[in-house]
Amino acid sequence: MSIEPDSSRDLDLNGQLDVLEARQRSEAPRPRAIFERETRRVRIPPGGELPESAALLERFYGGDFTVREKKPMVVDTRRSVGPYMVSIDARPLTLLDACSQIATQTHGFYHPGIVKALYTGRFEHCLWSNPDTTVHHVPELAAYEEALERLAPPALEHVSFVCAGGAEANEKALRIARLHAPPPVNGPRRRVLAFRDGFHGRTLATLAATWNPAKRAPFEFAGYEAVFSSVDLAEVERLLDERGHEIYAIIVEPMQAEGGDVYLRREFLLGLCKLARARKLPLVVDEVQTGFATGGPFFWWTRLGLGGDEATTPDILTCAKKACLGVVLSRWPDPESNQVHVASALRGLIQLETSRDQAFLEQLLRPRAEGLAAAFPGLVGDVRLAGTALAFDLPDSAAQTAFIDQRYQRGLMTYPAGDRTIRFRFSAGWDERVVDDLFKRIHESLARLSDKTAKDWVAEGQSADSDPAVIVRPIEERDWPKIMAIENASYEPARRDSEAYLRRAAATGLGLCAVDTGSGEILGFCFGGPLEDFRGVSGASQDERLGLGDTFYSADVTVAEAARSRGVGRLLKRAQVQWAKVHGFSYISGRNRVGTTDAMAALNRSYGAFPVVRLTHQYEGNALADYYRIPLVPPPAPRAPADEGILDLASGLQQPFGCAPAFMGGHELVGPTASKINLSNYATIDTVHYSEHLRLLAPRGTGHMYFTSSRDETIDKALRCLRLGRPQGQIAVGLEGGYLGHVTAAARSLSDPAGFGDGLALFDFPRLPHPDADLPGFTAGLKHLVEKTGADKILGLFVEVVGERSGRVLAGATASALAAACREHDIPLVLVEAASGCYRSGAGPWGVDALPADVVPDMVLWYPGGQIGHIFVGDRYYIKKPLVLISTWDGDELSAIRAHEHLRAARRLDLGDSIAALDALLHNDVLPACPGARLGGAGLYRTISFPTVALAEAVDQACLHRGLYLGNGLPDTLVFAPPLTITPATITGDLRRRVLAAIDEARSPA
Ligand SMILES: Cc1ncc(COP(=O)(O)O)c(C=O)c1O
């Protein structure tokens, strides 16, 4: 069946979307643009004014569409690098990010290893689209798993990944733990034992285990509250004696980060391990914030000398943050496979591979940290430092607030923790000069805690970045004596270039000099030319691009000693980059001697240089040099996949435009990929653009939106949002056959468990008959439930417009009856659009567009694939209060860009013919070939449910043998979810041939 479109809305909506898109395209960062990054200084604009950021944020918040909770700077992920977080403004705010994006980055912004990976093809299969990780073998995930296995304590043999981050990792850990908890005594085990000051996430099960009562209490469910203990073994033991029968797991952070960087003692953790083992209660160690070498060694646990043997290893250990998604290391396997965002996994893997680059920090930080306590006795207390994590305490929360309140004015970004702690997180992007600059700022902040003028703006870093009296021009004959004099004065003999060498470069490539227009004096120069002209030079000689004619080799950039600090090097580099670009080069390469060319290396980094290889035995000795590359073009487009004759009808929700949609080539993706940013705190130009589009598209009944980082997180956040409006709410109601996710306890408890591992649900949420199958049963069931529990106890009814696993469709009079029942009992109606959104239903952007006008949802949830999800909500349940419904990521910029482009492209498609062709194939050919089967779904998401599970499996296998991938629904159900671009010819030809042959094979006796 296909859903009838609502054309009256379409007309003016499409016009508005056209106008919006034209505007946004004109503002969008271009993939071939040169972005100059900030590598030198904090910048504070006069009056702290950020007009471009402010205007973009107004667009983001427009019409109250999203909560006013972002920091005032819109971050430019293209111009930020290392510790420098740069706003989008023409006169930017540039801060030292002293919290490395709250512990998520090993190298700060613009991770050079990620940039390198982008240009060497490592992201080829996962940048333009996200592979469906539940369908395909994904080599990036396999590599990540292997790398983690090598690092993990030996007893933790199993690795699984989840989409969103720390909360989901802990949810999955608790799911696995509960499967391996001791058998129930007097009823199911529903509680975890957790610790005061602990933080484990904001999904429902992890929030229950989070101490902070202000965050936790409004969202607790009766009977599932955690049992909290102090960090005290005797108390743990007593609680286990008294309430052990209710508990299914113990969860602990070895360093309680959000609680105030509280370092738990080794003896305590070891004792806890022993206690848990003795009671056979799974112990989950939450290293979401401390893993990935935050504390020096890769895990905090191993930093404490634990984990070397079975007895000192927890049962499960979780990481997220720097892992870029959720990681669960466990003694036991994960009973389910999970959908994740592969580009995030690869970013996490690269952060793992480069995590040791942070090792130098502790030594650099130690004396400076100790200096703080000495300089501010009585004010700064309990300075603690491990690896990249530094914290100190102030006397009280007023002092803490006074410190935090002046962070923008002081040019640094950090966050409070606990009730009087200031904490910092560093990354390999820092160096001694920048660390010193930060400590100067910390000293000033501390000195001004009670200074009323501390929040006054004082402009900083506003001088021009180069002396206006300096110009760059081509070298003339008369310049040579001076040039050689500067060359000889600047370098030791082994590094000097000869005049003949430089003259050759100038003749076949580029030779420029910087001149003081007043005195006429030559201040510096640069040379270079096609890489092929330098094939004798070490580094260039091994460059894999040699012979391709696309690389400019930077042979020499030199500034006279007396002319330093006038921005001469920057002017020369800028001219060189522009020259190379104008002359059609795609890359610039060169080498920087390690240790003596920091300024030049920083200059190269400001143009996006990444290291290609470290060269040894340089300059006629044992010197080291970094051979670098600066890309002037976007990363190479993915190669067309080898035609292995695969017809993939399983991955359409993750890849609605196949695996390499060409339109992604028009979008600048390097910044958002290499600088994965915390969208809970910051907006970017791409997320603002995306929100504007979504605001125009907000489904019926809604006008506000929250972002999430996964499908499951939409469920948890939706429930939390509803709970604030319905404080008596204790249950959510699902439907038989429903699927809302299988990672978080809330999503698991709403999904039909058929086909999943044991013990899927945690919460005792009821499921009603699907009205599409049994409307009277549904209506009576709801009535009965309301009578039994009271409507105010019900947070909402969760209904998929098109059942992703069941194919059950909400439509027509049935939908009206369901909506009427919700209205009658005043129960929020939450519609889920995973299988019908993004125009897939054929009705318009949303499946709900086709429903009768009296079906008005309170919320619409949409998971478009990747690491992002959406909660659209109407006025009644919208929570305006900032920072209530957030988590670390709140989506992923790259995923947002893709989902935005999908919506833009899908709007232009006419799916009518392919929907009709698929419909005809299923009704006229497939159904007659499968007696007793039931067709379901709508538009380009269709299902077939077979009379037996065995037949469904046989057809699935027979399809696979023919290179036809169908999706898996309920155990008896197969799914046809093609890319939106599938043609009627493919459906009536190739698909028809394969599927009919497969059914024929499956049904014929062996
Ligand atoms: C120790 C710990 N666990 C879990 C979380 C939740 O992680 P996320 O926000 O990625 O869900 C955090 C986040 O700060 C954390 O610090």
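Above this text you will find the structure in question.
Keep in mind that this is a model prediction, so the values were computed, not measured.

Moving on to the environment of Gly 891. Positionally, Gly 891 belongs in the loop between strand S31 (869–873) and helix H27 (893–907). By relative accessible area, which is 0% here, Gly 891 ends up buried. Spatially, the C-alpha atoms of Gly 891 and Ala 164 are 7.9 Å apart, while their sequence positions differ by 727 residues. Residue contacts for Gly 891: discarding those within four places in its chain leaves Lys 676, Leu 679, Thr 708, Ser 709, Gln 867 and Ile 868.

Our focus in this paragraph is the nonpolar core. Ranked by internal contacts, the top residues of the largest apolar core, which has 151 residues, are Leu 797, Phe 798, Leu 831 and Leu 991. In this view, Leu 797 contacts Val 733, Gly 734, Leu 735, Phe 778, Leu 818, Cys 822, Ile 827, Pro 828, Leu 829 and Val 830; residues no more than four positions away in its chain are not counted. Core analysis: the second largest hydrophobic core is formed by 74 residues, Leu 239, Val 252, Phe 298 and Val 327 among them.

Our focus in this paragraph is the site of the ligand. Around the ligand, a shell composed of 15 residues is seen, among which Gly 166, Ala 167, Asp 286, Gln 289 and Thr 888 lie nearest. The separation between an oxygen atom of the ligand and a polar main-chain atom of Ala 167 is 2.7 Å. Gln 289 is positioned such that a nitrogen or oxygen atom in its side chain is 2.8 Å from an oxygen atom of the ligand. Isolated, the ligand exposes 390 Å² of accessible area, and the fraction of that covered by the protein chains is 95%. Looking at the shell around the ligand, the element that brings in the most residues is helix H6 (residues 166–179), giving 3 residues. Class assignment for the residues of the shell around the ligand results in 3 nonpolar, 8 polar and 4 charged.

Turning to the packing of helix H9 (residues 233–243) against helix H10 (residues 266–279), a few remarks are in order. Contact geometry of H9 with H10 gives a least axis separation of 10 Å together with a crossing angle of 20°. Our classification of the angle between H9 and H10 gives roughly parallel. The interaxial crossing formed by H9 with H10 has right-handed handedness. Contacts between H9 and H10 involve Leu 233, Val 236, Glu 237, Leu 240 and Asp 241 from the first element and Glu 267, Phe 268, Gly 271, Leu 272, Leu 275 and Arg 279 from the second.

Among the secondary structure elements, Pro 377 is positioned in the loop between helix H13 (361–375) and strand S12 (381–386). Pro 377 sits 459 residues away from Ser 836 along the chain, and the two C-alpha atoms are 62 Å apart.

We now examine the packing of helix H29 (residues 949–961) against helix H30 (residues 984–1003). Axis separation between H29 and H30 bottoms out at 8 Å; the angle between their running directions is 130°. Taken together, the axes of H29 and H30 lie oblique to each other. Here H29 runs over H30; the crossing is right-handed. On H30, the residues touching Leu 951, Ala 954, Val 955, Ala 958, Cys 959 and His 961 of H29 are Val 995, Ala 998, Ile 999, Glu 1001, Ala 1002 and Arg 1003. Each residue belonging to the contact of H29 with H30 can be placed in one class, and the counts come to 9 nonpolar, 1 polar and 2 charged.

Let us now look at the pairing of strand S9 (residues 283–286). Burial of S9 is two-sided: the residues Leu 283 and Val 285 facing one way and the residues Val 284 and Asp 286 facing the other way are all buried. Where strand S6 (residues 247–252) meets S9, 3 bridges bridge the pair, whose relative direction is parallel. By the bridge assignment for S9, Ile 250 is matched with Leu 283. Of the pairings in the sheet, the one linking S9 to strand S10 (residues 316–319) comprises 3 bridges and is parallel in character. Within S10, the position partnered with Val 284 by the bridge is Ile 316.

Note: α-helices contain 3.6 residues per turn, so residues at a spacing of three or four share the same orientation. With 13 residues, H29 extends 18 Å from end C-alpha to end C-alpha; this agrees with the ideal 18 Å at 1.5 Å per step. Those residues of H29 that sit buried are Leu 951, Ala 952, Val 955, Asp 956, Ala 958 and Cys 959. One side of H29 carries all its buried residues, which in axial view fall inside an arc of 165°. Within H29, the exposed residues directed more than 90 degrees away from the buried face are Ala 950 and His 961. Packed against the buried residues of H29 are strand S34 (964–968), strand S35 (973–976) and H30.

In this section: the pattern of salt bridges. Enumeration over the complete set of coordinates arrives at 77 salt bridges. One salt bridge in this structure joins Arg 25 and Glu 21, with 3.0 Å as the shortest N-O distance. Residue Arg 25 and its partner Glu 21 are located together in helix H1 (residues 7–27), separated by 4 residues, close to a single helical turn. For Arg 25, a relative accessible area of 33% corresponds to the partly exposed category.

Turning to its location among the elements, Ser 709 is positioned in the loop between strand S25 (704–708) and helix H23 (711–725). Residue Ser 709 is classed as buried on the basis of its relative accessible area of 1%. At 3.2 Å, the side chain of Ser 709 and the backbone nitrogen of Asp 890 are in polar contact. Not counting the four nearest positions on each side in its chain, Ser 709 is found in contact with Cys 163, Ala 164, Gln 867, Ile 868, Gly 869, Trp 889, Asp 890 and Gly 891.

The rules we used
Residues numbered from 1 in each chain as written. Predicted model: local features only at pLDDT ≥ 70, side-chain atom pairs only at ≥ 80, totals over all residues. Heavy atoms only, no water. Helix = DSSP H or I, 4+ residues; strand = E, 2+ residues; numbered from the N terminus. Buried < 20%, exposed > 50% of the residue type's maximum accessible area, 1.4 Å probe, protein only. Contact = heavy atoms within 4.5 Å. Core = buried A, V, L, I, M, F, W, Y, C linked by side-chain atoms within 4.5 Å. Near = heavy atom within 4 Å. Polar contact = N/O pair within 3.5 Å; in protein donor to acceptor, adjacent residues only side chain to side chain. Areas by Shrake-Rupley, 256 points an atom, 1.4 Å probe, with all protein chains shown as cover. Nonpolar A, V, L, I, M, F, W, Y, C, P; charged D, E, K, R; others polar. Axes fitted to C-alpha atoms, helices over the stretch in contact; angles between N-to-C directions. Parallel < 35°, antiparallel > 145°, perpendicular 65-115°, else oblique. Left-handed = near helix turned anticlockwise from the far one by under 90°. Pairing = 2+ DSSP bridges. Expected span 1.5 Å × (residues − 1). Arc of directions from axis to C-beta. Salt bridge = Lys/Arg side-chain N within 4 Å of Asp/Glu carboxyl O.

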